[in-house]
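# Results of the structural survey
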Amino acid sequence: MAEMEMRAREDVEIGRDITPAIPPISFSLHDAFLHSHCSACFSPLSGRPFPPRHHRHLSSSSSVLYCSPLCSAADSPLHFSSAESNLLDSSPPSPSSESSADLRLLRTSSAAASGDRMFGLLTNREKLLAEGDEISDRVRSGAAAMAAARGRGNGAAEEEESAICLVITNGVEVVDEKGRGIGIAVYDSAFSWINHSCSPNACYRFLLPSPDLSPSPPDSDLRIVPSGPTVENAASAGGGGYGPRIVVRSIRRIKKGEEITVAYTDLLQPKAARSSELWSKYRFICCCKRCSSSSSSSYVDRALEEIATSQGFDNVEATGRRLTDYVDEVITDFLSDDGDPETCCRKLEHLLVSGLSGLRLHPLHHLAINAYTTLSSAYRIHASTSSLTSDHHHCPESFSKTRTSAAYALFLAAAANHLLTFEPSLVACVANYWASAGECLLTLSSSSSPPPPPSRVAQQYRCSKCSFVDALKAVSYADFETVKCKLVDCIGGYTRRSWGYLSKGCDYLERFEDPMDLSWVQKWPASSNRDAKCGFVVAESMDDVWQLGAHCLAYGGFLAAVCYGGAIALE
Ligand SMILES: C[S@@+](CC[C@H](N)C(=O)[O-])C[C@H]1O[C@@H](n2cnc3c(N)ncnc32)[C@H](O)[C@@H]1O
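Residues numbered from 1 in each chain as written. Predicted model: local features only at pLDDT ≥ 70, side-chain atom pairs only at ≥ 80, totals over all residues. Heavy atoms only, no water.

### Details of the state of the cysteines
- Per the counting criterion, the structure on display carries zero disulfides.
- No disulfide involves C287; its sulfur sits 6.6 Å from that of C286, the nearest cysteine.
- Unpaired in this structure, C288 has its nearest cysteine sulfur neighbour in C286, at a distance of 3.6 Å.
- C288 gets classed as buried once you look at its relative accessible area, which sits at 9%. (Disulfide = S-S within 2.5 Å. Buried < 20%, exposed > 50% of the residue type's maximum accessible area, 1.4 Å probe, protein only.)

### A short note on the site of the ligand
- Around the ligand, the surrounding shell holds 15 residues, and the nearest of these are M4, R117, N124, N195 and H196.
- Between the ligand and R117, the relevant distance is 2.7 Å, taken from an oxygen atom to a side-chain nitrogen or oxygen of the residue.
- A distance of 3.1 Å separates an oxygen atom of the ligand from a polar backbone atom of Y282.
- Within the complex, 88% of the 560 Å² of free accessible area of the ligand lies under protein. (Near = heavy atom within 4 Å. Polar contact = N/O pair within 3.5 Å; in protein donor to acceptor, adjacent residues only side chain to side chain. Areas by Shrake-Rupley, 256 points an atom, 1.4 Å probe, with all protein chains shown as cover.)

### Considerations on helix α6 (residues 158-170)
- In a regular helix each residue adds 1.5 Å, so 13 residues correspond to 18 Å; α6 covers 18 Å between its end C-alpha atoms and thus fits that length.
- Summarising burial for α6: eleven of the 13 residues are buried, a large majority. (Helix = DSSP H or I, 4+ residues; strand = E, 2+ residues; numbered from the N terminus. Expected span 1.5 Å × (residues − 1).)

### A closer look at the packing of aromatic side chains
- Summed over all chains, the structure comprises 19 aromatic pairs.
- Summarising the aromatic geometry, the rings of Y187 and F191 are spaced 5.9 Å apart at their centres and angled 75° between planes, so their arrangement reads as edge-to-face. A single burial state applies to Y187 and to F191, both of which are buried.
- Centroid distance F411 to Y508: 6.3 Å. Interplanar angle 80°. Geometry classified as edge-to-face. Here F411, found in helix α13 (residues 396-422), pairs with Y508, found in the loop between α16 (480-503) and α17 (529-532); they are 97 residues apart in sequence, far enough to count as distant. (Phe/Tyr/Trp six-rings, centres within 6.5 Å; stacked < 30°, edge-to-face > 60°.)

Structural measurements only, silent on function.
The following block contains the structure:
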């Protein structure tokens, strides 16, 4: 069957909402958040939560909770009529948020699938069941459990299978303002007919309604239109009009008639990992510009996978897998309950400096990028544990760990920023990296002795050279490239003045002369940068570190506002 896609109805600038806030047709919190968040509006529960309004099942009172009587009244009928309550209260309880979302979809009598579509949305049922793999097993066993919960016995469960496949194919992870995935939601065709690209021109954000279910702020127009065969629309499914809304936003200039695409997968993964995820979950081979770029991979994909081998090395693939396993294992150990930050830092830095079995990671390799993220947080935790026994301001060990944490965060942001120049759709994750570099640098400068004066708040700061203040207001993106260049230029200046100081004592980071100037990476590993490095040892002043932090935060906020809109908060 021909597939649907969405196209721009008009020319669209970068950083514009291209859909109104679309309410979900089905949604459910992840099990881990059922007792901390409201099941109707997804806001965090505070004070005494409210149980579902008793319908018929007087005993089912605690499987889902609400923040207000209004939310309880709005969602309880669906909670019971969808049979979700039977599934959650069964023993063993709560199978998954996906099953709840599936059941909620099926509660309407018009749910029957027609061909490979249900409510106009692609289910991909045949493709997902065709291969006897983990997904097809999950669909079959989930459908049987759902059919039992709906009192439909143990017979064929085609309708349930279609609902599960629909949620796999169209469901999106709802992310809160802390970046945590708290639930799953399915939206109507205005969102669900948008295809994937590894170099997309749009992204999306969620609006969590206020607890009193008051209407959302004024909507923008729908600037996209469907393209494809005539298909019955999903609007009839309805979701009660509440739950997390989704807004699609342009992250590039889009021409009238151009296809709108978003990312279904993490764009900083290498091509093989993206392809494997897209195939196992969505059953398609991506032919986007980035994936099919001429004979070889794009520059970004090459960098994300590049490793150096010693001469005569002939088992790159197997050792490449060992590298991945090694990094995964170190990170998993660190994230476990008894994770030790010191061991994590030692192992990851040894890998970055010396490699493994004759293989060395390119500084922009995706495993190296994961390692920088982990190292920044491991050094931060290490610093806080070092200072537990002494005054943080007077604990040199803790201070130097805080400094290395900031240096890794800055290096990561600079590396990702380099990739952004080749792949503009990385803007959302690059924004996060700059924001966290800014936070780490400001923490460092505030823990120096003496700390900056308390009046020194980033919001009040005005830089004479760049568009810092204009960026904070984020009023227009028409001059996006100009504002970006000015901010990056200023960040480059402060980085050059501070890098020797920030990287001091870190064997890996000291090898890089200037993280903002990665012009050498294309020649890597022809020469070691260690010899070429300049000998800055001390930042000209802690003021440079503060200025650098404030600029990083502003730049991160500027990029984030392109993706998510709204004002930039700097504290
Ligand atoms: C959320 S739907 C997108 C809309 C879909 N094209 C339709 O006709 O309803 C996701 C499904 O669309 C198809 N799809 C999305 N992006 C694609 C792409 N870049 N190439 C091929 N198929 C794609 C896959 O079948 C995928 O499972």
